[in-house]
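This is what each chain is made of:
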Amino acid sequence: MEKFFIATEIFNGITLYVISSQSGIRNILINSPIFNKDQPNVTKLRADDPYMFGSFKQLREYFKGKRKTFDLPLEIIGTDFQKRVWKELLIIPYGETISYKELALKLGNLKTIRAAARANGANPLPIIIPCHRVIGSNGKLVGYGGGLDVKEKLLQLEGSKNLGLFS
């Protein structure tokens, strides 16, 4: 049975649960521990434990505005298409946003817009893989597993140039 580890910390009013394996960071959950930390194969750890791979240190730097990208061992589980979408998300520069339409076009086919949006929503590593940087074509905040208030906080933290579009 594979062993998992979980630790939690609050950043700017946002509670993050980081789940890792012995190989790397597997999930980040925002404000809602949907992962059952009481399972026999899940061990609760402190944020500074080696099996957290320095993730909380890097998240603290991000929330202080001192980190724009992450350098962590990731154990990404998903379909090939989801992984392609998540790879595109990593290319979106800090402080910038793109629309779901633009994301689909970057994947090479506008017809994939709904599938790209679903893959974006299934991102297991929000913040590290910046799915919050994808917005509606009209510039509105749409869909975010951590809640639109958290998405807005993250974009404000990053100084997104498109925040004026949200009103």
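One structure accompanies this document, and this report is about it. (Residues numbered from 1 in each chain as written. Predicted model: local features only at pLDDT ≥ 70, side-chain atom pairs only at ≥ 80, totals over all residues. Heavy atoms only, no water.)

## Here's the deal with the pattern of salt bridges
We count it as follows: Any Lys or Arg side-chain nitrogen located within 4 Å of an Asp or Glu carboxyl oxygen qualifies as a salt bridge. A run of H or I in DSSP becomes a helix once it reaches four residues, and a run of E becomes a strand once it reaches two; helices and strands are each numbered from the N terminus. Relative accessibility under 20% of the residue-type maximum defines a buried residue, over 50% an exposed one, and the middle range a partly exposed one, all with a 1.4 Å probe and only protein chains included.
Tallied over the full model, the rule gives 7 salt bridges. Measuring nitrogen to oxygen at the nearest pair gives 3.2 Å for the salt bridge that ties glutamate 2 to arginine 26. On the criterion of sequence distance, the pair formed by glutamate 2 in the segment before β1 (4–11) and arginine 26 in strand β3 (residues 25–30) is long-range, its members being 24 residues apart. On the basis of relative accessibility, which here comes to 38%, the residue glutamate 2 falls in the partly exposed class. Judged by relative accessible area, which is 16%, arginine 26 ranks as buried. The shortest N-O distance in the salt bridge between arginine 26 and glutamate 75 comes to 3.7 Å. One end of the pair, arginine 26, is in strand β3; the other, glutamate 75, is in the loop between α1 (55–63) and α2 (80–89), and 49 residues separate them in sequence. Given a relative accessible area of 17%, glutamate 75 falls into the buried group. Linked through salt bridges whose partners overlap, the residues forming this network are Glu2, Arg26 and Glu75.

## Considerations on the layout of surface pockets
In this approach, a probe sized like a water molecule rolls over the atoms, and the result shows the empty space that is left. Which entries qualify depends on this criterion: Within this scheme a cavity is a closed region of a 1 Å grid, computed over the protein atoms alone, that accommodates a 1.4 Å probe without allowing it to escape, whereas a pocket is open but has protein on both sides within 12 Å along at least five of seven lines; lining residues each have an atom within 4 Å of a point. Grid points are joined across faces, edges and corners, and a volume is the space filled by probe spheres set on the points. For this scheme, ten residues count as nonpolar: Ala, Val, Leu, Ile, Met, Phe, Trp, Tyr, Cys and Pro. Four count as charged, namely Asp, Glu, Lys and Arg, and the remainder, Gly too, count as polar.
Of the pockets and cavities examined, the largest pocket occupies roughly 390 Å³. Forming the walls of the largest pocket are 21 residues, and the residues nearest its centre are Gly121, Asn123, Pro126, Gly145 and Gly146. Looking at the lining of the largest pocket, the elements with two or more residues in it are β3 and α4 (113–121). Considered class by class, the residues forming the lining of the largest pocket number 13 nonpolar, 8 polar and no charged. Each pocket or cavity is described by its volume, and for the second largest pocket that value is around 190 Å³. The wall of the second largest pocket is formed by 14 residues, among which Thr69, Phe70, Leu90, Ile128 and Pro130 lie closest to the centre.

## Considering the sheet that holds strand β2 (residues 14–20)
Condition: For two strands to be treated as a pair, DSSP must find at least two bridges joining them. Whenever a helix is involved, its axis is fitted only over the stretch in contact; in every case the axis is a line through C-alpha atoms, and angles between N-to-C directions fall within 0 to 180 degrees. Contacts between residues were defined by any pair of non-hydrogen atoms, one from each residue, lying within 4.5 Å.
Reading across from one edge, β3-β2-β1-β4 is the order of the 4 strands in this open sheet, with mixed pairing throughout. Two strands in the sheet have a free side with no partner beyond their single neighbour: β3 and β4 (42–44). Strand-to-strand, the axes of this sheet are offset by a mean angle of 25°, without reference to chain direction. Across 5 bridges, the pairing between β2 and β3 is antiparallel. Among the inter-strand pairings, isoleucine 19 is bridged to a residue of β3, identified as asparagine 27. Against the sheet, α1 touches β1, β2 and β3, its axis set at about 20° to β1.

Purely geometric stuff here, so don't read any function into it on its own.
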